[in-house]
Amino acid sequence: MGDRIAAWLAVALLLAGCGGSHDAASDSCVQHINSLRAQVGLGPLSRWNDAESCADSEAESDSQTGQAHGAFGRCKESAQNECPHWSSTSGPSGVVPGCLDMMWGEGPGGGHYDNMASPGYAMVACGFHVTSGGAVWAVQDFR
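Predicted, not measured: the structure shown is a model, and the values here were computed from it.

**What to know about helix H2 (residues 23-39)**
In this model H2 runs 25 Å from its N-terminal to its C-terminal C-alpha over 17 residues, within 8% of the 24 Å that 1.5 Å per residue would give. Residues of H2 that are buried: Ala25, Ser26, Cys29, Val30, His32, Ile33, Asn34, Leu36 and Arg37. Gly41 sits one or two residues past H2 and shows a positive phi near 80°.

Now the structure itself:
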């Protein structure tokens, strides 16, 4: 029993320094946002690793209430975009391009676009939750 606890503790310590539970999707999300920003001559946002677990919890909370942006502010973000209840056979990474492109396509004055294109933010945390039915909820927290 003691060895099992020690093994779980070792895994927990290794994961403590990581971002959220969807590392590849979070990385893809930040890279995609930065590629969109580059289209209009804006510099990249930093990946806000320290807030990714919190962003995951916002996505989970919103999936449970069915209300996009319901947990907004919980991670001390200044702005938030959300992709609520998206379907993807490839999980969170499969949601990233379509959702972000849709929001970017709103253009200036569209809110979501403005959050991604704002020169006032320096970093973004991407969080994800996959429901038991396979729906993906994704949040992007800007600060």
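That was the structure; now back to the text.
**Observations concerning the sheet that holds strand S4 (residues 136-142)**
With mixed pairing, four strands are arranged side by side in an open sheet as S1-S3-S4-S2. At either margin of the open sheet sits one strand with a lone partner, and together these are strand S1 (46-47) and strand S2 (79-86). Note: S1 against strand S3 (residues 123-130), two bridges, orientation parallel. Paired with Ser46 across the two strands is Met123, which belongs to S3. Against the sheet, H2 contacts S1, S3 and S4, and its axis sits at roughly 135° relative to S3. Sitting on the sheet, helix H3 (residues 52-65) touches S1, S2, S3 and S4, and the angle it makes with S3 is about 45°.

**What about the pairing of S4?**
On a regular strand, one side chain projects to one face of the sheet and the next to the other, so that they alternate. Counting buried positions over the seven residues of S4 gives seven, a clear majority of the element. Side chains Val136, Ala138, Gln140 and Phe142 of S4 all project onto a buried face; the interleaved residues Trp137, Val139 and Asp141 project onto the opposite face, where all are buried too. For S2 and S4, the ladder comprises six bridges, and the chain directions are antiparallel. Across the sheet, the residue bridging to Cys83 is Ala138, located in S4. Note: S3 against S4, seven bridges, orientation antiparallel. Its bridge partner lying in S4, Cys126 is registered against Gln140. Where S3 hands over to S4, the hairpin turn is made up of five residues, of which Gly134 adopts a positive phi near 95°.

**Details of the packing of aromatic side chains**
Summed over all chains, the structure comprises two aromatic pairs. Measuring from centroid to centroid gives 4.3 Å for Trp104 and Tyr113, while their planes differ by 45°, and the two rings are tilted. Residue Trp104 shares its accessibility class with Tyr113, and that shared class is buried. Each ring, one from Tyr121 and one from Phe142, has its centre 5.9 Å from the other, and the planes form 35°; the classification is tilted. Of the two residues, Tyr121 is situated in the loop between helix H5 (112-117) and S3 and Phe142 in strand S4; the sequence distance between them amounts to 21 residues.

**Quick notes on the state of the cysteines**
Cysteine pairs can be linked by a disulfide, which is a covalent bond between their two sulfur atoms. For the structure shown, the criterion picks out three disulfides. Paired through a disulfide, Cys54 and Cys75 show a sulfur-sulfur distance of 2.1 Å. The disulfide joining Cys54 to Cys75 has a torsion of about -100° about its S-S bond and is therefore left-handed. Remark: Cys75 occurs in the loop between H3 and S2 and Cys54 occurs in helix H3; sequence separation between them is 21 residues. Using a relative accessible area of 6% as the deciding quantity, one classes Cys75 as buried. Across the disulfide, Cys83 is cross-linked to Cys99 (sulfur-sulfur distance 1.8 Å). For the disulfide bridge between Cys83 and Cys99, the dihedral angle about the S-S bond is near -90°, and by the sign convention the bridge is left-handed. In this pair, Cys83 is assigned in strand S2 and Cys99 in helix H4 (residues 92-104), connecting sequence segments 16 residues apart.

Conventions adopted
- Residues numbered from 1 in each chain as written.
- Predicted model: local features only at pLDDT ≥ 70, side-chain atom pairs only at ≥ 80, totals over all residues.
- Heavy atoms only, no water.
- Helix = DSSP H or I, 4+ residues; strand = E, 2+ residues; numbered from the N terminus.
- Expected span 1.5 Å × (residues − 1).
- Buried < 20%, exposed > 50% of the residue type's maximum accessible area, 1.4 Å probe, protein only.
- Pairing = 2+ DSSP bridges.
- Contact = heavy atoms within 4.5 Å.
- Axes fitted to C-alpha atoms, helices over the stretch in contact; angles between N-to-C directions.
- Phe/Tyr/Trp six-rings, centres within 6.5 Å; stacked < 30°, edge-to-face > 60°.
- Disulfide = S-S within 2.5 Å.

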